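Listed here are the chains, written in short residue letters.
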Amino acid sequence: MSPYERINPYRGTGRPPFRRSPWGRRVSAALPWVFVLGIAVGSTLPIRQYVPHWMPLPSHWSLNRARDSDAIWQRGGAPDARHAVDVIRTIDGDTFEARVHLSPGPDLTTRVRLRGIDAPELKASCQRELQMAQAATVALRDLLGQGDVAIYNVGPDKYQGRVVADVATKKTDNVSAAMLAAGQARAYNGGHRFGWCGYSAR
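Just so it is clear, the model here is predicted, and its values are computed rather than measured. (Residues numbered from 1 in each chain as written. Predicted model: local features only at pLDDT ≥ 70, side-chain atom pairs only at ≥ 80, totals over all residues. Heavy atoms only, no water.)

Draft legend 1. Summary view of unusual backbone geometry. That bond from Ser103 to Pro104 is cis: its omega, -5°, falls within 30 degrees of zero. Phi is positive for Asp148, close to 50°, though the residue is something other than glycine. Mapped onto the elements, Asp148 comes out in the loop between helix H4 (127-144) and strand E5 (150-156). Residue Asp148 is classed as exposed on the basis of its relative accessible area of 59%. For Asn153, which is not a glycine, the phi torsion comes out positive at approximately 55°. Since its relative accessible area comes to 25%, Asn153 is described here as partly exposed. (Helix = DSSP H or I, 4+ residues; strand = E, 2+ residues; numbered from the N terminus. Buried < 20%, exposed > 50% of the residue type's maximum accessible area, 1.4 Å probe, protein only.)

Written out as C-alpha cells, the structure is:
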C-alpha cells in the first residue's frame, strides 16, 4: 500500500471527494457579470444631488459642467436679459447650483456666484466665520425660496463650471443688494479677499 493512500481523508468514508454542482459553477461564472452590471447601472444614476458640495465630482461631470457654464454666459445675451432658473441647491452665502432655461436649446446646469458680493466661507478659519457662513447660507436659501428666480448680467467666473450673475426673485430685484443690506456679505469686485475672522459685517 502506498503511504499516500494511508492519509487519504476520503478512504473508507463511503463519500466521494467534494465536487461543485453544475448550479454552483453557473453562479460562480455569473458573479463577475453581476458586478459589471452593477457598476454600469450605478454610473447612470444622477449622483450630483447625492454628493456633498465639498466632494470633488468625477472628471466627466466637471467637464460637462464647464461646458454648460461656458454655453450659458456665451448665450446670455444683453446684460438685462433675464433667464429663469430652477434652484437645485444653495452651496453657501454667495453661490448656488441651478438649472438654467435658455431658449432655444436644452436646459443647462451650472453654479451661479452672485455678482458683487463675498460671503463667509463654510470652510472656515475660525468658529465665528463658520457661524457667519451658516447664517449667510440660510439667508440666501430663504431669498431664493421666494420663487421665480432668474439670472441676468451673466458673465464668466474665474473658476470653471461657474458663472457670475445678478440674481432676482419674485420679491427681490437684486439678491446681492439684499444680502449686503442684511449684513450677510460684503462688497467684492475681484482681487484679494481678506479673511472673516476679524471682520465686522455691520
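After that view of the structure, there is still more to cover.
Draft legend 2. Geometry of the nonpolar core. In terms of nonpolar packing, the biggest core is built from 26 residues, with Phe96, Val112, Ile151, Val167 and Met179 touching the most fellow members. Elements with a minimum of two residues in this core: helix H3 (59-74), strand E2 (95-100), strand E3 (108-114), H4, E5, strand E6 (162-168) and helix H5 (175-181). Here this core takes 5 residues from H4, the largest share from any one element. Not counting the four nearest positions on each side in its chain, Val167 is found in contact with Phe96, Val112, Leu114, Leu144, Val149, Ala150, Ile151, Tyr152, Asp173, Asn174 and Val175. (Core = buried A, V, L, I, M, F, W, Y, C linked by side-chain atoms within 4.5 Å. Contact = heavy atoms within 4.5 Å.)

Draft legend 3. Here's a closer look at the sheet that holds E3. Pairing within the closed barrel is mixed, and its 5 strands lie in the order E1-E2-E3-E6-E5. Between one strand and the next, the sheet's axes are offset by a mean angle of 55°, whatever the strand orientation. Taken strand by strand, H4 contacts strand E1 (83-90), E2, E3 and E6, and its axis lies near 145° from that of E1. (Pairing = 2+ DSSP bridges. Axes fitted to C-alpha atoms, helices over the stretch in contact; angles between N-to-C directions.)

Draft legend 4. Main features of the pairing of E2. Taken across its 6 residues, E2 has 5 buried, putting it largely inside the fold. Across 5 bridges, the pairing between E1 and E2 is antiparallel. Paired with Asp86 across the two strands is Arg99, which belongs to E2. Turn length for the E1-E2 hairpin, with the two strands adjacent in sequence and antiparallel, is 4 residues. Here E2 pairs with E3 via 6 bridges, running antiparallel. Across the sheet, Phe96 pairs through a bridge with Val112, a residue of E3.

Draft legend 5. Region of interest: the state of the cysteines. One pass over the structure, following the stated rule, counts 1 disulfide. One disulfide bridge connects Cys126 with Cys197, the sulfur atoms lying 2.2 Å from each other. Its S-S torsion of about -120° marks the bond between Cys126 and Cys197 as left-handed, since a negative value means left-handed. Linking Cys126 in the loop between strand E4 (117-118) and H4 with Cys197 in the segment after strand E7 (186-187), this pair joins segments that are 71 residues apart in sequence. Cys126 gets classed as partly exposed once you look at its relative accessible area, which sits at 24%. (Disulfide = S-S within 2.5 Å.)

Any functional reading would require information that these geometric values do not contain.
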